[in-house]
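Observations on the model geometry
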Amino acid sequence: MAKIRVSYEYSEAEDKSIRLGLFLIACGILSLFILGFCWLSPTLHSLQSKPANCTVVSVLRPEEMFECVFTCGADCKGTSLYPCLQIFVNNSESNSVALLHFDEQQLVLNPKCSYVPPCERDNQKNRDNVLLWEDYFTKEVSSQSFTCFFNQQRRPDDVLWQRSHDTSVLLHCVLWPMVSLLLGTLIVLLTVCARSLAVRAEALQKRKCSYEVCQDLSITTSDRRGNKPGDLLATNSDPELSSPSRTLPLFAVPVRRRDREH
């Protein structure tokens, strides 16, 4: 029996689905690396800080002024000044005095001050924002303990008012790249499996058809071999099968009915 050949080429729709799956896999891997370097690492450092109880020790406002950069349009930038606010608190974890900062970003932006206001063009607005925080910690928080965040290994002399990143950022950094990666892998696997099943079904169908054709050929050959010459003559001499309009050969001699009976 001849070998059955089946086409393994993908259709246009299957090719598009495989490309879509590979694109999702590449996007998942790339986004995992990008989010890992941009968000995951700062989030892990932020989560390393432990919560502690802090109480305000002193609130100071030195004479030193700091510059900040403001924007007033696409190509408009400038600098303005804001006063420095220093809030010293007592940390229950280390039982020592530390400088309070609003979050990690402001700690990196200005490690000498507790609060960096949103930069405005008017210096007076910057001063008013700083004075609001000074009044808040002097009048409302001065006699109360609050939760702060402390990291002994990185910055033992600083504490944070709040974290810049929480566990939700960590969840999103890992969840969405993994969803894209798994979805692309699932699309590719389903497409390959569907094509494999279609190829097997096509092979079985061709094998079945070739088997039926071989049976028909064997039956026809056996019928031809089983017919004998006598059967063929008997078939041809059957008066019912002979045509009534059959003509005699040229050399045939007509015989009367009486002579045939004698």
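Residues numbered from 1 in each chain as written. Predicted model: local features only at pLDDT ≥ 70, side-chain atom pairs only at ≥ 80, totals over all residues. Heavy atoms only, no water.

1. Section: the overall build of the protein
- Within the protein, the regular secondary structure consists of 6 helices and 7 strands.
- Helices and strands in the protein line up, N terminus first, as α-β-β-β-β-β-α-α-β-β-α-α-α.
- Put simply, the protein has 262 residues, and 26% of those count as buried.
- Of the roughly 19,200 Å² of accessible surface on the protein, 58% is carried by carbon and sulfur atoms. (Helix = DSSP H or I, 4+ residues; strand = E, 2+ residues; numbered from the N terminus. Buried < 20%, exposed > 50% of the residue type's maximum accessible area, 1.4 Å probe, protein only. Areas by Shrake-Rupley, 256 points an atom, 1.4 Å probe, with all protein chains shown as cover.)

2. A short note on the packing of aromatic side chains
- The tally for this structure, following the rule as stated, stands at 12 aromatic pairs.
- Note on Phe 137 and Phe 146: the rings are 6.3 Å apart at their centroids and 70° apart in plane angle, and the pair reads as edge-to-face. Each member of the pair, Phe 137 as well as Phe 146, carries the same accessibility label: buried.
- One aromatic cluster is present, built from ring pairs that chain together Phe 102, Tyr 115, Trp 133, Tyr 136, Phe 137, Phe 146 and Trp 161. (Phe/Tyr/Trp six-rings, centres within 6.5 Å; stacked < 30°, edge-to-face > 60°.)

3. Focus on the state of the cysteines
- Going through the model one piece at a time under the given rule, you end up with 3 disulfides.
- The disulfide partner of Cys 68 is Cys 119, and the S-S distance across this bridge is 2.1 Å. What sets the handedness of the Cys 68 and Cys 119 disulfide is the S-S torsion sign, and at about 75° it is right-handed. Of this pair, Cys 68 sits in strand β2 (residues 65–71) while Cys 119 sits in the loop between α2 (104–109) and α3 (123–140), and the two are 51 residues apart along the sequence. (Disulfide = S-S within 2.5 Å.)

4. Let's talk about the environment of Glu 104
- Turning to its location among the elements, Glu 104 is positioned in helix α2.
- Residue classification places Glu 104 among the buried residues on the basis of a relative accessible area of 18%.
- In this structure, the C-alpha to C-alpha distance between Glu 104 and Leu 160, residues 56 residues apart in sequence, is 7.1 Å.

5. Quick look at empty space enclosed by the protein
- Applying the stated rule across the entire model yields 1 cavity of 30 Å³ or more.
- The calculated volume of the largest cavity comes to roughly 50 Å³.
- In this structure, the largest cavity is lined by Ile 87, Leu 100, His 101, Phe 102, Ser 114, Tyr 115, Trp 133, Phe 137 and Trp 161.
- Elements that contribute at least two residues to the lining of the largest cavity include exactly β5 (96–101) and α3.
- Looking at the lining of the largest cavity residue by residue, the classes come out as 7 nonpolar, 2 polar and no charged. (1 Å grid on protein atoms, 1.4 Å probe; cavity = no way out; pocket = protein on both sides within 12 Å on 5 of 7 lines; lining within 4 Å. Points joined across faces, edges and corners; volume = space filled by probe spheres on them. Nonpolar A, V, L, I, M, F, W, Y, C, P; charged D, E, K, R; others polar.)

6. Remarks on the sheet that holds strand β1 (residues 50–60)
- In spatial order, the strands read β1-β4-β5-β7-β6; together these 5 strands close into a barrel with mixed pairing. For this sheet the average axis-to-axis angle between neighbouring strands, irrespective of direction, equals 50°.
- Inspection of the sheet shows β5 paired to strand β7 (residues 155–160) by 3 bridges, in the parallel sense. What sits directly across from His 101, in β7, is Leu 160.
- Each of β1, β4 (86–91), β5 and β6 (145–151) is contacted by α3, which is oriented at about 105° to β1, the strand it contacts most. (Pairing = 2+ DSSP bridges. Axes fitted to C-alpha atoms, helices over the stretch in contact; angles between N-to-C directions. Contact = heavy atoms within 4.5 Å.)

Structural measurements only, silent on function.
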